[in-house]
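Here is what each chain is made of, one letter per residue.
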Amino acid sequence: MRDRRRRPGSVRSNPFLFSFPPALRGLSLALPLTLAMAAAGCSSVPLKEVGTLSSYGNLGAPKGKLQKSRVYVDGRRLITAKTVNIVPTTFAFSAATRVKSDADRVMVANALDRALCVSLSDKYQLVSSGQPADLTIRSVVTDIVPTNKTMAGVSTIVTVGTGFVLPVGVPRLPVGLGGLAVEAEAVDSGGVQRAAIVWSRGANSLQNNPRVSEVGDAYDLASKFSGEFSRILIKGREAKGLDISLPSGQRMKSWLGGKPKYAACDAFGRSPGLMGAVAAKYGAPPQWTEKKPKPAASY
């Protein structure tokens, strides 16, 4: 009589796996490897100083791995500040030469300033650039790692495509990732530095959607920088850990493309809102949904 008992080491182990069609079976076997690669895949962007801060001597030691920064904050002096103006972000020459399109540079700068303006509106009154204020904020993009548009397109196809046949789509391929580096400071009405930051971050496979644009990652990371610096300015101390607080009503309204709390923020354009979020999910360039700012924010 034929022995039907399973022998040790038998290949026949997971009937669910072998119920997949052959094409999906290979994908299911490759998924753990892809996830491991994605977890390790990120663009490394070093901290960079270009000499635009009024002082670097107050900055603390470098911190962070995925997101790196050196920070200074004078919390006692920030408490008394009520009004803020934001000087439109500029690019260091070395960073500007890495992006072909002037329109792309303006778009990244506007995204950074808009996110900073909206976030700071939770505590401060924002006034138009050039008007007297208790604090004036100046930001300079010191470096950009361009996104590889071809690889971003391939990653989008893989991620979205597998999302239709698997419970979870395969993460972004860890190739051609972009990055951003910024330095910024807040000075008081007398020109004294009250807060400063030198910051850099690269895109990674798990947190940043691939977008078919040379500045796709830099555009997304600009809001990451603004969120970090605004937390410092609002709390009056160096931010630690993840920000798990719920966004305020005015932030949500602005994120959805609505009118900002202060008219000064309109100089940097309105957020693309839900349309922008959907476009990002499917890899569309941010240029397709980004709303043009008013002439006051032109460079």
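A brief report on the enclosed structure follows. Once a new chain begins, its residue numbering starts again from 1 and follows that chain's sequence as written. pLDDT decides what is reported in this predicted model: residues at 70 or higher carry local features, side-chain atom pairs at 80 or more are listed and counted, and totals for whole chains, interfaces and linings draw on all residues regardless. Note that the side-chain values use all heavy atoms of the structure and ignore hydrogens as well as water.

**Some details on the overall build of the protein**
Piece 1. When helices and strands are tallied, the protein shows eight helices and six strands.
Piece 2. Taken from the N to the C terminus, the helices and strands of the protein come in the order α-β-α-β-α-α-β-β-α-β-β-α-α-α.
Piece 3. Here's how the labels work: a residue is buried when its accessible area is under 20% of the maximum for its type, exposed when over 50%, partly exposed in between, all with a 1.4 Å probe on protein chains only. Sorting the 299 residues of the protein into buried and exposed places 47% on the buried side.
Piece 4. We call two residues in contact when some of their heavy atoms are within 4.5 Å. Within the protein, residue pairs in contact and separated by at least 24 positions form 75% of the contacts whose partners lie at least 6 positions apart.
Piece 5. Every accessible area reported is derived by Shrake-Rupley at a probe size of 1.4 Å, with residue values counting cover from the shown protein chains alone. Total accessible area computed for the protein in this model is approximately 15,800 Å², and 59% of it derives from carbon and sulfur atoms. A run of H or I in DSSP becomes a helix once it reaches four residues, and a run of E becomes a strand once it reaches two; helices and strands are each numbered from the N terminus.

**Digging into helix α8 (residues 273–281)**
Piece 1. For α8, the complete set of buried residues consists of Gly273, Gly276, Ala279 and Ala280. Across the axial projection of α8, the buried residues extend over an arc of 105 degrees, all falling on one side. Summarising the geometry of α8, the exposed residues directed more than 90 degrees from the buried face are Leu274, Met275 and Lys281.
Piece 2. In this structure, the buried residues of α8 make contact with α7 (249–255).
Piece 3. Phi turns positive one or two residues past the end of α8, at Gly283, with a value near 80 degrees. Of all possible arcs, the one meant is that of the directions from the helix axis to the C-beta atoms.

**Some points on the packing of aromatic side chains**
Piece 1. In summary, the pairing rule links any two rings of Phe, Tyr or Trp, Trp by its six-membered ring, whose centres are within 6.5 Å, and it sorts them by plane angle into stacked for under 30 degrees, edge-to-face for over 60 and tilted for everything else. Counted under the stated rule, the structure contains two aromatic pairs.
Piece 2. Ring plane angle 65 degrees and centroid distance 5.5 Å describe the contact between Trp199 and Phe225, whose orientation is recorded as edge-to-face. Note that Trp199 is positioned in strand β6 (residues 193–202) and Phe225 in helix α6 (residues 216–235), a separation of 26 residues in sequence.
Piece 3. Joined through ring pairs, the aromatic side chains of Trp199, Phe225 and Phe229 make up one cluster.

**Considering the pairing of strand β1 (residues 67–73)**
Piece 1. Counted residue by residue, β1 has five buried out of seven residues, so it is predominantly covered.
Piece 2. Any two strands are treated as partners once DSSP identifies two or more bridges connecting them. Relative to β6, β1 is paired through seven bridges, and the arrangement is antiparallel. Among the inter-strand pairings, Val73 is bridged to a residue of β6, identified as Ala195.

**Things to note about empty space enclosed by the protein**
Piece 1. Both site types are read off a 1 Å grid over the protein atoms alone. A 1.4 Å probe that fits but cannot get out defines a cavity, while an open set with protein on both sides within 12 Å along at least five of seven lines defines a pocket; lining residues have an atom within 4 Å of a point. Grid points are joined across faces, edges and corners, and a volume is the space filled by probe spheres set on the points. Per the stated rule, a full pass over the model turns up one cavity of 30 Å³ or more.
Piece 2. Of the volumes computed, that of the largest cavity is approximately 50 Å³.
Piece 3. Arg114, Val118, Ser254, Gly258, Pro260, Cys265, Asp266, Gly269, Arg270 and Ser271 are the residues that line the largest cavity.

**Digging into a nonpolar patch on the surface**
Piece 1. Patches here are clusters of residues that have more than 30% relative accessible area and form no salt bridge, with a 9 Å joining cutoff for like charges and a 5 Å cutoff for nonpolar side chains (Val, Leu, Ile, Met, Phe, Trp, Tyr). The term salt bridge refers to a side-chain nitrogen of Lys or Arg lying within 4 Å of a carboxyl oxygen of Asp or Glu. Taken together, Met252, Trp255, Leu256 and Leu274 make up a surface patch of nonpolar side chains, about 400 Å² in accessible area.
Piece 2. Tracing the backbone shows Leu256 in the loop between α7 and α8.
Piece 3. Judged by relative accessible area, which is 44%, Leu256 ranks as partly exposed.

**What about the layout of surface pockets?**
Unfilled space is identified by rolling a water-sized probe across the atoms.
Piece 1. Size it by volume and the largest pocket reaches roughly 1,900 Å³.
Piece 2. Taken together, 50 residues form the lining of the largest pocket, with Ala115, Asp220, Ser223, Lys224 and Gly227 sitting closest to its centre.
Piece 3. Of all the secondary-structure elements, those providing two or more residues to the lining of the largest pocket are β1, α4 (102–120), α6, α7 and α8.
Piece 4. Top contributing element to the lining of the largest pocket by residue count: α6, with 11 residues.
Piece 5. Put simply, Ala, Val, Leu, Ile, Met, Phe, Trp, Tyr, Cys and Pro go in the nonpolar bin, Asp, Glu, Lys and Arg in the charged bin, and everything else, Gly too, in the polar bin. Residue composition of the lining of the largest pocket, by class: 18 nonpolar, 18 polar and 14 charged.

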